[in-house]
Amino acid sequence: GRNSTVLPKSRLSGRECAVWALALLALQAFSFYGFFFKNEILTPSDLIDTMTPWRDYLPEGTPPTVNKLMYDPIMAFRPDFLRFQDALREGRWPLWNDMEMCGLPLLANCQSRVFYPPHLLLLVTDVDTAMSLFVVIKLWLAAFVAYVCARLLGFGIWPSRWYSVVWGLGCFTRRWA
């Protein structure tokens, strides 16, 4: 008998992938309008309310910070990326971060990931723009890979597109990025 748990093979063409890749880029341009069209950066900016000297000047009744879990991009990743750029600008390999504790590896550190392919954008742009692009690239890639996986599992085009948008542009993935 036939195994009923095997999904039928789906035909996935390069044209179909290219069309959906561009559609996802358009969705992201709409979703991140300020970044794409107003030269804004993507950062958990309400964290500034918790830092000196700004916290001393908050108006009465300012709502509490909601991004308390988002300190890593500002307090860990950004300084590492700045050290990476400084090292390259000075003509040396970004091996060591001497500004943290008694020194920590910069190149061989799973958090700084200086040679992770999207992070190579740090070679051609400023840190804040690069970090914003990291978010956009991660979300685009998550959505696109979700689409391809769904299609290869045998889902139709529209269910795969729905899955792609829900996964790649949904709350969990945005928080993760």
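Below, the structure is looked at part by part. (Residues numbered from 1 in each chain as written. Predicted model: local features only at pLDDT ≥ 70, side-chain atom pairs only at ≥ 80, totals over all residues. Heavy atoms only, no water.)

**Some words on the overall build of the protein**
- If you tally the helices and strands in the protein, you get six helices and two strands.
- For the protein, the sequential pattern of α-helices and β-strands runs α-α-α-β-β-α-α-α.
- By the compact-globule yardstick of 16 Å for 177 residues, the protein is too spread out, its C-alpha radius of gyration being 21 Å.
- For the protein, the C-alpha atoms occupy an extent of roughly 70 × 45 × 35 Å along the three principal directions.
- Among the 177 residues that make up the protein, the fraction classed as buried is 33%.
- Carbon and sulfur atoms make up 66% of the accessible area of the protein, which totals about 11900 Å². (Helix = DSSP H or I, 4+ residues; strand = E, 2+ residues; numbered from the N terminus. Rg over C-alpha atoms; globule rule 2.2 N^0.38 Å. Buried < 20%, exposed > 50% of the residue type's maximum accessible area, 1.4 Å probe, protein only. Areas by Shrake-Rupley, 256 points an atom, 1.4 Å probe, with all protein chains shown as cover.)

**Quick look at the pattern of salt bridges**
- Tallying each qualifying case throughout the model produces four salt bridges.
- With a shortest N-O distance of 2.6 Å, Glu16 and Arg151 are connected by a salt bridge. Separated by 135 residues along the polypeptide, Glu16 in helix H1 (residues 14-31) and Arg151 in helix H4 (residues 127-152) bring together distant segments of the chain. You'll find Glu16 and Arg151 in the same group, each marked buried.
- Note that Arg92 and Glu90 form a salt bridge whose closest N and O atoms lie 2.9 Å from each other.
- Since its relative accessible area comes to 35%, Arg92 is described here as partly exposed. (Salt bridge = Lys/Arg side-chain N within 4 Å of Asp/Glu carboxyl O.)

**Regarding the packing of aromatic side chains**
- For the coordinates displayed, the defined rule picks out seven aromatic pairs.
- Ring centres of Tyr33 and Phe37 lie 5.1 Å apart, and the angle between their planes is 40°; on these two criteria the pair is classed as tilted. Of this pair, Tyr33 and Phe37 both sit in helix H2 (residues 33-38), four residues apart, which is roughly one turn of the helix.
- Of the residues examined, Phe37 reaches a relative accessible area of 53% and is grouped as exposed.
- By way of ring pairs, the aromatic residues Tyr33, Phe35, Phe36 and Phe37 are connected into one cluster. (Phe/Tyr/Trp six-rings, centres within 6.5 Å; stacked < 30°, edge-to-face > 60°.)

**Overview of the nonpolar core**
- If you look at the biggest cluster of nonpolar residues, it comprises eleven residues: Ala76, Phe77, Phe81, Phe84, Leu106, Val114, Leu122, Val127, Ala130, Met131 and Phe134.
- Core analysis: the second largest hydrophobic core is formed by eight residues, Cys17, Ala21, Leu24 and Ala143 among them. (Core = buried A, V, L, I, M, F, W, Y, C linked by side-chain atoms within 4.5 Å.)

**Overview of the packing of H4 against helix H5 (residues 157-168)**
- Between H4 and H5, the least distance of the axes is 8 Å, while the angle of their chain directions is 150°. Classified by the angle between their axes, H4 and H5 sit roughly antiparallel to one another. Relative to H5, the crossing made by H4 is right-handed. Contacts between H4 and H5 involve Leu139, Ala142, Ala143, Phe144, Ala146, Tyr147, Ala150 and Arg151 from the former and Ile157, Ser160, Arg161, Tyr163, Ser164, Trp167 and Gly168 from the latter.
- Looking at side-chain class alone, the contact of H4 with H5 contains ten nonpolar, three polar and two charged residues. (Axes fitted to C-alpha atoms, helices over the stretch in contact; angles between N-to-C directions. Parallel < 35°, antiparallel > 145°, perpendicular 65-115°, else oblique. Left-handed = near helix turned anticlockwise from the far one by under 90°. Contact = heavy atoms within 4.5 Å. Nonpolar A, V, L, I, M, F, W, Y, C, P; charged D, E, K, R; others polar.)

Nothing here speaks to function; it is all geometry.
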